[in-house]
Amino acid sequence: FWQNLAALEVAHALLGVVRAPWLTTAMQVASRLLVVNLVEAEPALWAVWPLLLVGACWGCTEVVRYAWYAANLLGTPPKPHTWLRYSTFLLLYPLGVLGELLILHAALPTPLGQSAPLAAAGVPTPVASLLRAAMLAYVPGFPLLFMHMLRQRAKVLGGARECARVAHA
């Protein structure tokens, strides 16, 4: 329930409440909601190891992000915290995407007839097709979002030299 409220982030971007681009926000929220609701719908997915990877990546990202927002409300966040806010994605985003894709894959029927969680539950073919389409959407989506985050990082932290200087501050 609470994670589904993240859809409000897209509405906020569309309405101009926040200065985030609505399309990239929608892409990020959609992938997260797909994974969360898929795992919620199929308890067998709680046992797949990529769920730990996704939880760790999402958790670390959100702790840094929301702590940065809180520090920003109180004044100017410390430079090392700003560096973390705009740098942790370099590792956590690819790992999180890998975990998300592995969860989606674990939900699909396997080609050799072995049973995957949703296949064992008799997942309807349209749902399996939707999951495959979602997995294919990561092909253009991941580079687009990663490049967007790199641009945000460069805008806030500056070029490579400035990023290194802030990291060592």
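Up top you'll find the structure we're talking about.
Residues numbered from 1 in each chain as written. Predicted model: local features only at pLDDT ≥ 70, side-chain atom pairs only at ≥ 80, totals over all residues. Heavy atoms only, no water.

**Remarks on the pattern of salt bridges**
Link 1 in the chain: Tallying each qualifying case throughout the model produces 3 salt bridges.
Link 2 in the chain: One salt bridge in this structure joins Arg65 and Glu9, with 3.3 Å as the shortest N-O distance. Pair noted here: Arg65 is in helix α3 (residues 50-74) and Glu9 is in helix α1 (residues 7-15), with a separation of 56 residues, a long-range link.
Link 3 in the chain: The exposure class assigned to Arg65 is buried, which follows from its relative accessible area of 17%.
Link 4 in the chain: Across the pair Glu62 and Arg32 runs a salt bridge whose closest N-O atoms are separated by 2.8 Å. Here Arg32 lies in helix α2 (residues 22-41) and Glu62 lies in helix α3, a separation of 30 residues in the sequence. (Salt bridge = Lys/Arg side-chain N within 4 Å of Asp/Glu carboxyl O. Helix = DSSP H or I, 4+ residues; strand = E, 2+ residues; numbered from the N terminus. Buried < 20%, exposed > 50% of the residue type's maximum accessible area, 1.4 Å probe, protein only.)

**A short note on a nonpolar patch on the surface**
Link 1 in the chain: Taken together, Leu14, Leu15, Val17, Val18, Trp22 and Leu23 make up a surface patch of nonpolar side chains, about 630 Å² in accessible area.
Link 2 in the chain: Among the elements of the structure, α1 and α2 are those that each provide at least two residues to the nonpolar patch.
Link 3 in the chain: Along the chain, the position of Trp22 falls in helix α2.
Link 4 in the chain: By relative accessible area, which is 44% here, Trp22 ends up partly exposed. (Patch = residues over 30% accessible without salt bridge, like charges linked within 9 Å, V, L, I, M, F, W, Y side chains within 5 Å. Areas by Shrake-Rupley, 256 points an atom, 1.4 Å probe, with all protein chains shown as cover.)

By themselves, these are just geometric observations and shouldn't be taken as functional.
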